[in-house]
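Inside the fold
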Amino acid sequence: MEISSRKKRLVTATILLALLAGLCLYYQENYEAHQYPDTTVILKSYPVGETVSVSGKVASTSTGGFKLQDTSTREKVTYTISSSYPVFPGDNVRLSGVLGPDYQITASRVLVTPQWSYEFLLLRSLLAFLFLAWLFNRYWHFDREKMEFQRRKH
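Residues numbered from 1 in each chain as written. Predicted model: local features only at pLDDT ≥ 70, side-chain atom pairs only at ≥ 80, totals over all residues. Heavy atoms only, no water.

**What about the overall build of the chain?**
Here is the rule we go by: Segments assigned H or I by DSSP are reported as helices when at least four residues long, segments assigned E as strands when at least two residues long, and all are numbered from the N terminus. It is over C-alpha atoms that the radius of gyration is taken, and the globule rule equals 2.2 Å times the number of residues to the power 0.38. Categorising residues by exposure relies on relative accessible area from a 1.4 Å probe, with only protein chains included: less than 20% of the type maximum marks a residue as buried, more than 50% marks it as exposed, and the intermediate range marks it as partly exposed.
From N to C terminus, the chain includes three helices and seven strands. Element order for the chain, N to C, with α for helix and β for strand: α-α-β-β-β-β-β-α-β-β. Taken over C-alpha atoms, the radius of gyration comes to 23 Å for the chain, far larger than the 15 Å a tight globule of 154 residues would show. Seen through its principal axes, the chain has C-alpha atoms that stretch 70 × 35 × 30 Å. A buried classification covers 22% of the 154 residues belonging to the chain.

Here you go:
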């Protein structure tokens with residue numbers, strides 16, 4: 001039984017619309033982080049008093065804030081963050097705030113990804129990759145003579 005071309009177009013349109021919706025959601029969640037200077041700009045010209053956007057791992061916590069280690073550049077930078085938002089060492093944090101002297105930031109927006117959530121994301125990605133590799137191997141094989149992938153005959 002062959003699928004009609006109308007159904008194929010409907011499935012393709014649905015997939016494309018879902019992809020577009022996903023890209024829109026990603027943009028809506030991440031556009032603010034790209035509006036402000038990040039660590040590379042801070043290292044070049046230290047813009048005291050401006051709103052900046054940084055991310056990294058929580059190195060330690062204290063009363064009224066925490067230390068954030070930004071590893072996005074070759075040079076390790078540790079920020080002292082003033083925020084009442086609860087975080088724990090190892091959490092991944094993305095924040096926006098006003099830059100003060102000596103790498104101090106008064107946070108205005110904090111987005112925390114707990115360490116267990118980040119590790120679970122990596123595990124999910126690995127499982128999805130293994131499943132897709134199995135699925136690909138089930139239907140395709142590589143012909144070394146022709147140097148191409150060919151569909152397996154079932």
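**Comments concerning the domain arrangement of the chain**
Applied cut-off: Domain borders in the structure are assigned automatically or taken from a domain database.
Annotation of the chain at the domain level lists domain 1 (3–32), domain 2 (37–113) and domain 3 (116–151). The straight-line distance from the C-alpha centre of domain 1 to that of domain 3 is 22 Å.

**A short note on the sheet that holds strand S2 (residues 65–70)**
The following threshold applies: By this definition, two strands are paired if DSSP reports at least two bridges between them. Here an angle of 0 to 180 degrees is reported between the N-to-C directions of two axes, which are lines fitted to C-alpha atoms, with helices fitted over the stretch in contact.
Spatial strand order, S1-S2-S3-S5-S4: five strands in a closed barrel with mixed pairing. Direction aside, neighbouring strands of the sheet carry axes that sit 55° apart on average. Of the pairings in the sheet, the one linking strand S3 (residues 77–82) to strand S5 (residues 104–113) comprises three bridges and is parallel in character. Following the sheet pairing, Ile 81 is matched in S5 by Ile 105.

**Brief notes about a nonpolar patch on the surface**
For clarity, the cut-off: The patches reported here contain residues having more than 30% relative accessible area and no salt bridge. Joining distances are 9 Å for like charges and 5 Å for nonpolar side chains (Val, Leu, Ile, Met, Phe, Trp, Tyr). Reported accessibility uses the Shrake-Rupley method at a 1.4 Å probe radius. Residues are deemed covered only where the shown protein chains occlude them. Think of a salt bridge as a Lys or Arg side-chain nitrogen and an Asp or Glu carboxyl oxygen that are within 4 Å of each other.
On the surface, Trp 116, Phe 120, Leu 123, Leu 126, Leu 127, Phe 129 and Leu 130 cluster together into a nonpolar patch covering about 790 Å² of accessible area. Along the polypeptide, Leu 126 turns up in helix H3 (residues 115–139).

**Looking at unusual backbone geometry**
Phi at Tyr 103 takes a positive value of approximately 55°, unusual for a residue other than glycine. Within the fold, Tyr 103 resides in the loop between strand S4 (92–99) and S5. Here the phi dihedral of Met 147 falls at roughly 55°; this positive angle occurs in a residue that is not glycine. Topologically, Met 147 is positioned in the loop between strand S6 (140–143) and strand S7 (148–151).

**Topic: the nonpolar core**
Stated formally: Only buried residues count toward a nonpolar core. Its members are Ala, Val, Leu, Ile, Met, Phe, Trp, Tyr and Cys residues joined through side-chain atoms within 4.5 Å. The contact criterion used throughout is that any non-hydrogen atoms of two residues lie within 4.5 Å.
Core analysis: the biggest nonpolar cluster contains 16 residues, and Phe 66, Leu 68, Tyr 79, Val 93, Leu 95 and Ile 105 have the highest contact counts within it. Where this core is concerned, the elements lending two or more residues are strand S1 (51–62), S2, S3, S4 and S5. Contacts of Tyr 79, omitting those with residues within four sequence positions, involve Thr 39, Ile 42, Val 54, Phe 66, Lys 67, Leu 68, Asp 70, Tyr 103 and Ile 105.

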